[in-house]
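Examination of the molecular architecture
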Amino acid sequence: MKYLFAILLAFLALPAGAVEQTKGSFTDKFRQLDEELPTPNMFRNAAGEPAPSYWQQQADYDIDVRLDENNRTITGSETIRYSNNSPDTLRYLWLQLDQNKFHHNSMDWLTRTVEDPKRITYNELRNLQFIDDFDGGFKIAAVEDAGGRSLPHTIIGTLMRIDLPRPLAPGKNISFKIDWSYQLVDSESARSSRDGFEYFPQDGNDIFLMAQWYPRMVAYSDYEAWHNKEFIGRGEFTLEFGDFDVRITVPADHVVSSTGELKNPGDVLSNVQQQRLKQARNSEHPIFIVTPDEALQNEAQRDDGSRSWHFAARNVRDFAWASSRKFIWDAQGYRQDDADTPFVMAMSFYPKEGEPLWSKYSTQAVIHTLEVYSRYSFAFPYPVAQSVNGPAGGMEYPMITFNGPRTELQEDGSRTYSRSEKLFLIGVVIHEIGHGYFPMVVNSDERQWTWMDEGLNTFLQYLAQIEWGEDYPSKRGEPRWIVDFMKSEKQVPVMTNSESLLQFGNNAYAKPATALVILRETILGRELFDFAFKEYTRRWKFRRPTPADFFRTMEEASGVDLDWFWRGWFYTTDHVDISIDRVTRFKVASHDPDVEFPKQRETLESEPLSRTKNSNAAEGRTTREERFPELVDFYNENDPFTVSNKDRNEFQEYLESIRAPRDTDPEWRSKALLRAIEEDKNFYMMEFSSPGGLVMPILLQITYIDDSTEMLRIPAEIWRFSPGQVNKLIARDREIATIVVDPFWETADVDVTNNHYPRQFIPSRLEIYKDENWTSKLPNRDLMQDIKTELDSGKEDIPLRVETPDQ
Amino acid sequence: MGCPAVRICQIVLIMTILMAVPASSHQLQAAISSVTFVPRNNTIEVIHRFYSHDAEHALSLLTGHHVDILQDKEAQQAFGRYVSEHFQLSGQDGTELPLSLVGVELEGDFIWVYQETPIPGQLSELSISDSALLDVTPGQVNTVNVECGGELDTLVFSEKLRTARVEIDFDACVTTPAIR
């Protein structure tokens, strides 16, 4: 295991740069990232914004698709209009055929491994049977040019290359047609499918979720050219923007939810439904467009006919839809202060198996997300935002998301949900609708840098969840929860390609989200962060950003050098552990005998008197000097701490010796000294070390002996010359009692036992738990009853803690 | 249970219950545990942290009926017992260290399970088996940080790996206070 990990690490290690520190052991935590980041160019400039020659391709789709419910197939015909806005001439085009992942010989199937060679699970058996039975993958019936002539094409796994009859020059576009069909995947058998159907045996109906359902263009970018990487399932997608015009033919009694706006409501919706939609536009709460009763009736029938739903979507990077006769449908209009998109229709589609949870929370959660996210970025730029319940647990597409939570059927026929499921639904809707901003509009490359959408989205989700309700336990962005992961050995830097990520969830979601929370609350502060973040979203709205663009924009717009932060949090696996090792108090030595001698006398006098002398005095014993005053002389009358003129002269000599005759003010040292004597401040030398490697600001809470406190925030730059250890000197009038580093747990410090000076005993979670829960070993009690019992007089003692034996 | 290469062996089918994978959402399915030597108390503290939503789903599947883990203390205890049944520590000679279940609590999005065992007389190697949720939640990854003597070692358990070992510098472990 360790060996394998070492090999993995070797491959992932950042290449040795041209600059190498080969003498001494200095690590430059504040080195600028310029060497690591790609060179700014005419497409993406040094500011982190699209440069004058920025380009991106466009792919428009005109699609006719039919769902065959009984056979579980999809048959489609599309015309793709591909615009080459790049400066390159293209001789071939690449398309992605993601359904080919389900083909017998797909790389995904072939590279799946089994845990134990001596036993197999039922699931593994089912998978094997599934591969045998399932006729997966796209069946491409035709690839033709605009004139109907066949185009040469080659299929390699989940990719298809079309060879163009004539090279496609910059600025030109080409249209071509593809006919295809494929078998839908049963969500029961293919456990990691993002699309397909779920069959409900009780009523004999299905929910169809359609994603990755059409052959589509592979992205072609300025930094990678064709992003043609085989789809093995984990890394998601890199796609182009374009316009879609889609006609979806489904059974006549199906309700369809789709990316885009419905163009022919008159053909597919009843008058009542259209009325209700109109009403929903201005409603203050969700209105049923298809009520639960209507959905129940719909479930029970079967219409042999079919209907076509016509949707159009502008400037989207993908297109997904769902269809079922089981859907309950609700909607509520959302108005925003935006000239381009003043109105968004928030809608939810769900079967009765999601009730009563969905009707209560889904659409409200959609609107909540739009409200919060838009504040940190831009007004939602699409006319609809939808949350659809189906077999996919949580997945996002432009204007439509698929979310999983269901409720429990009780024996009495009612349906209930747990608190956890409710929180999960709200959270997943926020998260998936949130993806409507990242990456659906701020179109980062999910395949290469999962964190750019998942990390940013998880961060905003955290903010939105906190704003949902008082007791929403959203602590996922809180720095303290990431420390266990960050101190662990088995991890790779966040800037690692998604397909190879160990600890995928922590690295792509939690760690970057936490880093952003810290950046916002602790490093930049909200004002600077929000301004810079909003600027990033404005720059890259409907465009394709890379990590360098994000890093550069945040720095440039906030005005704060953040290279050390990106380097530490994104490029390394260091963790934060700042320790306050020692604090020493100083007073300035004044050299002035009139000041020092009395002090020394005072110190001596404050020491306890000798035991022997005390006892003698108590006995009434006198000293010889007391009985014979003639023995008393000058030395008795003047103790060793008496100041003589010689001492004073020596002081003047000292002041003379520190004169600086060549400086502008030769007396500057004595002035400083005399001032220090007068102010009589306490000097504190604080020694800090950073064993974790990840440098952070030093946040100090100083408590004085009078119990007053002071917060001192030292910027991270204090570590720039010696990242392992620094000494900081401060001067204070009052006397300090304690100093605590990061008192509010803001910096994801993994070890708080070294954060206190003087050292405090910090119990572990388990010790705290035992302390608080000693009563948990008592049998369950009926407190409501117990509390009514009269207190016996004379028995007011608190019961003793009982050491309970181990279970 | 060896299976000679030539003969056809009977494959024992293992019952596992799997639930639907949330493809994108929050990427839960990750638990983190710590095994920490605390010389002060002469104990090894084991602290597990699971997402409470994962725990609830898993428990519902395992028991066959719906569970409300945030509200139901019994369910929390049941989960604690489940975890302790799927987590073992053994010494270099294979003897299991007797872990007692101290308790279960909720905080944030998480459910915490606490166990402890006395530090044994001698230990040169610690073998850990961790299969909690591995047969219930596809894609589940359990990270375990073993801390003692100022050293930290991490083991990662998944469907593909359920047992692993770390070397222990016993003298350092029983003298140096552990990092919390």
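Now for a look at the structure at hand. (Residues numbered from 1 in each chain as written. Chains lettered and ligands numbered in written order. Predicted model: local features only at pLDDT ≥ 70, side-chain atom pairs only at ≥ 80, totals over all residues. Heavy atoms only, no water.)

1. Considerations on the overall build of chain A
The condition is simple: Numbered from the N terminus, helices here are DSSP runs of H or I no shorter than four residues, and strands are runs of E no shorter than two. To get the radius of gyration, use the C-alpha atoms; to get the globule rule, take the number of residues to the power 0.38 and multiply by 2.2 Å. Residue contacts follow a heavy-atom distance rule, with two residues in contact if any of their heavy atoms lie within 4.5 Å. A 1.4 Å probe and the Shrake-Rupley method give the accessible areas. Residues count as covered only by the protein chains that appear here. Counted as positive: Lys and Arg. Counted as negative: Asp and Glu. His and the chain ends are not counted at all. The location of each charge is read from NZ of Lys, CZ of Arg, CG of Asp or CD of Glu.
Helix and strand counts for chain A come out as 22 helices and 33 strands. Taking 807 residues into account, the globule formula puts the C-alpha radius of gyration at 28 Å, and chain A, at 36 Å, lies well above it. Taken along the three principal axes of its C-alpha coordinates, chain A extends 130 × 85 × 60 Å. In chain A, once contacts between residues fewer than 6 apart in sequence are set aside, the share between residues at least 24 apart is 75%. On chain A, roughly 38,400 Å² of surface is accessible, and the fraction owed to carbon and sulfur atoms is 51%. For chain A, the distance from the average site of its 92 positive side-chain charges to the average site of its 129 negative ones is 2 Å.

2. Topic: the sheet that holds strand β4 (residues 87-90) of chain B
All names here are of chain B. So the rule is basically this: Between any two strands, at least two bridges found by DSSP are needed for them to pair. Orientation is described by lines fitted to C-alpha atoms, with helices fitted over the stretch in contact, and by angles between N-to-C directions that extend from 0 to 180 degrees.
With antiparallel pairing, the three strands of this open sheet are ordered in space as β4-β7-β10. The open sheet is flanked by β4 and β10 (163-167), the only strands paired with a single partner. When the angles between neighbouring strand axes are averaged without regard to direction, this sheet yields 20°.

3. Observations regarding the packing of helix α11 (residues 504-523) of chain A against helix α12 (residues 526-540) of chain A
All names here are of chain A. In plain terms, the rule: Angle categories: roughly parallel below 35 degrees, roughly antiparallel above 145, roughly perpendicular from 65 to 115, and oblique for all the rest. Under the convention adopted here, Pro, Cys and the residues Ala, Val, Leu, Ile, Met, Phe, Trp and Tyr are nonpolar, Asp, Glu, Lys and Arg are charged, and Gly plus all remaining residues are polar.
At a minimum axis distance of 6 Å, the contact between α11 and α12 shows a crossing angle of 125°. Taken together, the axes of α11 and α12 lie oblique to each other. In this structure, α11 contributes Leu-516, Leu-519, Arg-520 and Glu-521 to the contact, and α12 contributes Arg-526, Phe-529 and Asp-530. In terms of residue class, the contact of α11 with α12 is made up of three nonpolar, no polar and four charged.

4. Comments concerning the state of the cysteines
Residues and elements named next belong to chain B. Keep this limit in mind: Disulfides are defined as pairs of cysteine sulfur atoms found within 2.5 Å of each other. Burial classification: accessible surface area is computed with a 1.4 Å probe over protein chains only, and a residue below 20% of its type maximum counts as buried, one above 50% as exposed, and the rest as partly exposed.
Within this structure, the stated rule accounts for one disulfide over all chains. Between Cys-148 and Cys-173 runs a disulfide, and the two sulfur atoms are separated by 1.9 Å. Taken together, the residues span a long stretch of sequence, with Cys-148 in strand β8 (residues 141-148) and Cys-173 in helix α3 (residues 170-175) at a distance of 25 residues. For the pair Cys-148 and Cys-173, one class covers both residues: buried.

5. Regarding the sheet that holds strand β3 (residues 90-96) of chain A
Spatially, four strands are ordered β6-β7-β3-β11 (chain A) in an open sheet, and the strand pairing comes out antiparallel. Edge positions in the sheet fall to β6 (153-156) and β11 (216-217) of chain A, since each has one partner strand and no second.

6. Some thoughts on a negative patch on the surface
Stated precisely, the cut-off is as follows: Here the term patch refers to residues with relative accessible area over 30% and no salt bridge, with like charges joined within 9 Å and nonpolar side chains (Val, Leu, Ile, Met, Phe, Trp, Tyr) within 5 Å. The rule for a salt bridge is simple: a side-chain nitrogen of Lys or Arg has to be within 4 Å of a carboxyl oxygen of Asp or Glu.
Taken together, the side chains of Glu-489 of chain A together with Glu-151, Asp-169 and Asp-171 of chain B make up a negatively charged region of the molecular surface. You can see Glu-489 of chain A is positioned in the loop between α10 (483-487) and α11. Assessed through its relative accessible area of 46%, Glu-489 of chain A is described here as partly exposed.

7. Quick look at the pattern of salt bridges
All names here are of chain A. For the structure shown, the criterion picks out 62 salt bridges over all chains. In this structure, Arg-520 and Glu-521 form a salt bridge, with 3.9 Å as the shortest nitrogen-oxygen distance. With relative accessibility at 5%, the residue Arg-520 sits in the buried group. Note on Glu-521: relative accessible area 35%, which makes it partly exposed. With a shortest N-O distance of 3.5 Å, Glu-619 and Arg-621 are connected by a salt bridge. The exposure class of Arg-621 is exposed, given its relative accessible area of 57%.

8. Side note on α12 of chain A
Residues and elements named next belong to chain A. Heads up, the condition is: By definition here, a helix of n residues has an expected span of 1.5 Å times n minus one.
The first and last C-alpha atoms of α12 sit 21 Å apart over 15 residues, in line with the 21 Å expected at 1.5 Å per residue. By the burial criterion, the buried members of α12 are Phe-529, Ala-532, Phe-533, Glu-535, Tyr-536, Thr-537, Arg-539 and Trp-540. Each element contacted by the buried residues of α12 is listed here: α7 (357-376), α9 (450-466), α11 and α13 (547-558). One or two residues past the end of α12 sits Phe-542, with phi positive at roughly 65°.

9. Notes on unusual backbone geometry
All names here are of chain A. At the junction of Phe-438 and Pro-439, the peptide bond is cis and its omega measures out at 10° in the coordinates. Mapped onto the elements of the fold, Pro-439 is located in the loop between α8 (419-434) and α9. Going from Tyr-757 to Pro-758, the amide bond is cis rather than trans, its omega being -5°. Looking at the element boundaries, Pro-758 is found in the loop between β33 (756-757) and α21 (765-772). Not every positive phi belongs to a glycine, and Asp-707 is a case in point at roughly 75°. Here Asp-707 lies in the loop between β29 (698-704) and β30 (709-714).

10. What to know about the nonpolar core
Soluble globular proteins tend to pack their nonpolar side chains together in the buried interior. Quick note on the threshold: The definition of a nonpolar core used throughout is a set of buried Ala, Val, Leu, Ile, Met, Phe, Trp, Tyr and Cys residues joined through side-chain atoms within 4.5 Å.
Of all hydrophobic cores here, the largest spans 205 residues; its most connected members are Tyr-82, Phe-176, Trp-213, Trp-321, Phe-550 and Trp-569 of chain A together with Phe-79 of chain B. The element best represented in this core is α7 of chain A, accounting for 10 residues. If we ignore the near neighbours within four places in the chain, the residues touching Trp-569 of chain A are Met-486, Val-494, Lys-511, Ala-515, Ile-518, Val-576, Leu-694, Met-696, Thr-747 and Ala-748 of chain A.

11. Considering the packing of α13 of chain A against helix α14 (residues 563-571) of chain A
Residue and element names in this part refer to chain A. What counts, and what does not: The handedness criterion is simple: a crossing whose near helix is rotated anticlockwise from the far helix by less than a right angle is left-handed, and one whose near helix is rotated clockwise is right-handed.
Running from amino to carboxyl end, α13 crosses α14 at an angle of 145°, the nearest separation of the two axes being 10 Å. Of the two possible hands of crossing, α13 and α14 adopt the one that is right-handed. Residue-level inspection shows Phe-550, Phe-551, Met-554 and Glu-555 of α13 in contact with α14, the latter providing Asp-563, Trp-566, Phe-570 and Tyr-571. A breakdown of the residues in the contact of α13 with α14 according to their chemical character gives six nonpolar, no polar and two charged.

12. As for the side chain of Glu-45 of chain B
Quick note on the threshold: We call two N or O atoms a polar contact when they sit within 3.5 Å, provided that within protein one can donate a hydrogen and the other can accept it, with sequence-adjacent residues counted only if both atoms are side-chain atoms.
In this structure, Glu-45 of chain B sits in strand β3 (residues 43-51). We classify Glu-45 of chain B as buried; its relative accessible area is 2%. Of note is the side chain of Glu-45 of chain B, whose polar atom sits 2.7 Å from the side chain of Ser-764 of chain A.

13. Considering the packing of aromatic side chains
Stated formally: A pair of aromatic rings is counted whenever rings of Phe, Tyr or Trp (Trp by its six-membered ring) have centres within 6.5 Å, and the orientation is called stacked for planes under 30 degrees apart, edge-to-face for over 60 and tilted otherwise. Criterion for a charge above a ring: Lys NZ or Arg CZ within 6 Å of the ring centre, and within 35 degrees of the ring normal.
Taken as a whole and assessed by the stated rule, the structure comprises 58 aromatic pairs over all chains. Here the basic side chain of Lys-541 of chain A rests over the ring of Phe-378 of chain A, its NZ or CZ set 5.1 Å away from the ring centre. Over the ring of Phe-110 of chain B we find Arg-49 of chain B, and its NZ or CZ is 4.0 Å from the ring centre.

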